[in-house]
Amino acid sequence: MTSFAFVFPGQGSQAVAMLDGWGDHPAVVETVSEASDALDEDIGALIKNGPKEALALTTNTQPVMLVAGVAAWRAWRAEGGAMPDAVAGHSLGEYSALVAAGVLTLAQAAPLVRFRAEAMQKAVPVGAGAMAAVLGMDCAKVIAGCAEATAIFGADSAEIVEAVNFNDPMQTVIAGSKAAVDKACELLKANGAKRALLLPVSAPFHSSLMKPAAEALRAKLATVALSAPQMPVLNNIDVNVETDADRIRDALVRQAAGPVRWVETVLALKARGVGAIIECGPGRVLAAMAKRIAPELIAGSVYDPATLAETKHSLAG
């Protein structure tokens with residue numbers, strides 16, 4: 001059997017009715033019910049009916065994506081799917097990975113990610129921050145462009161922009177204050193980027209402007225009991241596997257205001273001997289990224305019974 005890792009998507013992969021493909025699969029129904037109890041709201045109705053604008057609110061997106069990832073994971077295991085050699089998650093998806101590895105229960109994780117979302121939204125007023133995807137440019141040039149844009153505003157200015165998501169070799173997301181992100185987009189396009197597209201988000205996630213959110217999360221995580229991982233979880237912030245509860249907490253705190261090192265994460269999974277990257281949850285965003293980062297890897301997805309069966313077959317081959 002091909003060695004494989006499961007990776008869990010984060011914000012941006014949500015869609016109204018994204019669990020409908022599972023029908024009434026018991027593992028999915030149970031997951032939705034458990035999360036609804038933990039959040040004291042009908043999360044299943046929100047996922048099924050939306051509207052899209054409600055799902056796009058950060059305070060909703062983070063819990064619904066957690067639920068979708070964990071539901072796919074539980075369905076995989078319920079259908080006899082093998083344990084992966086490692087797990088990881090893109091940004092918010094790291095919480096789904098920690099649930100899969102047994103570090104957090106879903107009942108712990110659902111209110112935790114909602115708290116995280118609320119803290120992130122409070123850290124920077126809506127409209128004051130921004131994010132943009134820079135396409136067709138090496139990440140080193142993106143980092144240099146961000147430094148150039150920040151310098152224009154002067155050393156004492158609050159205007160900053162940073163590279164925050166290293167998604168694939170030619171796609172980097174930047175974040176910071178709105179004026180600095182706009183300036184960086186202008187400079188990066190002038191310096192050869194194919195595109196620099198503002199993203200429809202409500203806060204500059206993973207930038208240093210999120211430090212107030214990170215500190216709020218630190219206090220919250222101190223109250224949450226973590227269990228020992230049942231398999232390796234590769235984190236975003238250090239591209240490292242931690243087993244100590246305090247170190248796992250610290251990585252989650254720093255992740256909120258630090259970059260998502262996804263290119264390095266996929267390469268680190270490959271270095272561990274993984275031959276396949278399987279996206280567990282709605283969409284194929286991470287599977288597509290994996291192929292651009294390491295084309296020799298098998299890439300697949302598990303988001304409904306058909307893709308689950310297809311993935312089991314491809315891994316068995």
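Provided above is the structure to which this section pertains.
Cut-offs used in this document
Residues numbered from 1 in each chain as written. Predicted model: local features only at pLDDT ≥ 70, side-chain atom pairs only at ≥ 80, totals over all residues. Heavy atoms only, no water. Helix = DSSP H or I, 4+ residues; strand = E, 2+ residues; numbered from the N terminus. Rg over C-alpha atoms; globule rule 2.2 N^0.38 Å. Buried < 20%, exposed > 50% of the residue type's maximum accessible area, 1.4 Å probe, protein only. Contact = heavy atoms within 4.5 Å. Pairing = 2+ DSSP bridges. Salt bridge = Lys/Arg side-chain N within 4 Å of Asp/Glu carboxyl O. Axes fitted to C-alpha atoms, helices over the stretch in contact; angles between N-to-C directions.

**Description of the overall build of the protein**
1) Next: The helix and strand inventory of the protein stands at 13 helices and nine strands.
2) Next: Relative to a compact globule of 317 residues, whose C-alpha radius of gyration would be 20 Å, the protein shows 19 Å and is just as compact.
3) Next: In terms of overall dimensions, the protein has a C-alpha envelope of 55 × 45 × 40 Å along the principal axes.
4) Next: When the 317 residues of the protein are sorted by exposure, 53% land in the buried category.
5) Next: Here the analysis covers contacts within the protein between residues at least 6 apart in sequence; of these, 75% occur between residues at least 24 apart.

**Considerations on the pairing of strand β3 (residues 129–135)**
1) Next: With six of seven residues buried, β3 lies mostly within the body of the structure.
2) Next: Bridge analysis of β3 against strand β5 (residues 171–177) gives seven bridges, and the strand direction is antiparallel. Each bridged residue has a counterpart across the sheet, and for alanine 130 the counterpart in β5 is glycine 176.

**Focus: the pattern of salt bridges**
1) Next: Counted by the stated rule, this structure contains 14 salt bridges.
2) Next: Of the charged contacts, one joins glutamate 34 and arginine 74 as a salt bridge, the two residues approaching to 3.0 Å between their closest N and O atoms. On the criterion of sequence distance, the pair formed by glutamate 34 in helix α1 (residues 26–39) and arginine 74 in helix α4 (residues 58–78) is long-range, its members being 40 residues apart.
3) Next: We note a salt bridge from aspartate 182 to lysine 178, for which the minimum N-O separation is 2.7 Å. Of this pair, aspartate 182 and lysine 178 both sit in helix α8 (residues 178–190), four residues apart, which is roughly one turn of the helix.

**Comments concerning unusual backbone geometry**
1) Next: For the bond from glycine 50 to proline 51, the omega torsion is 5°, close enough to zero to count as cis.
2) Next: Inspection of the secondary structure assignment puts proline 51 in the loop between α2 (43–49) and α3 (52–56).
3) Next: The phi dihedral of alanine 17 falls on the positive side, at around 70°, and the residue is not glycine.
4) Next: Relative to the elements of secondary structure, alanine 17 occurs in the loop between β1 (4–8) and α1.
5) Next: The exposure class assigned to alanine 17 is partly exposed, which follows from its relative accessible area of 25%.

**Points about the sheet that holds strand β6 (residues 195–198)**
1) Next: What the four strands build is an open sheet, ordered β4-β5-β3-β6; its pairing is antiparallel. Each edge of the open sheet carries a strand with a single partner, namely β4 (161–168) and β6. In this sheet, neighbouring strand axes are inclined to one another by 25° on average, regardless of whether the strands run parallel or antiparallel.
2) Next: The strands touched by α8 within the sheet are β3, β4, β5 and β6, with β5 carrying the most contacts at an inclination of about 145°.
3) Next: Packed onto the sheet, helix α12 (residues 285–293) meets β4 and β5 and runs at close to 85° relative to β4.

**Quick notes on the environment of glycine 127**
1) Next: Inspection of the secondary structure assignment puts glycine 127 in the loop between α6 (106–123) and β3.
2) Next: Taking the C-alpha atoms as reference points, glycine 127 and proline 204, separated by 77 residues in sequence, lie 9.7 Å from one another.

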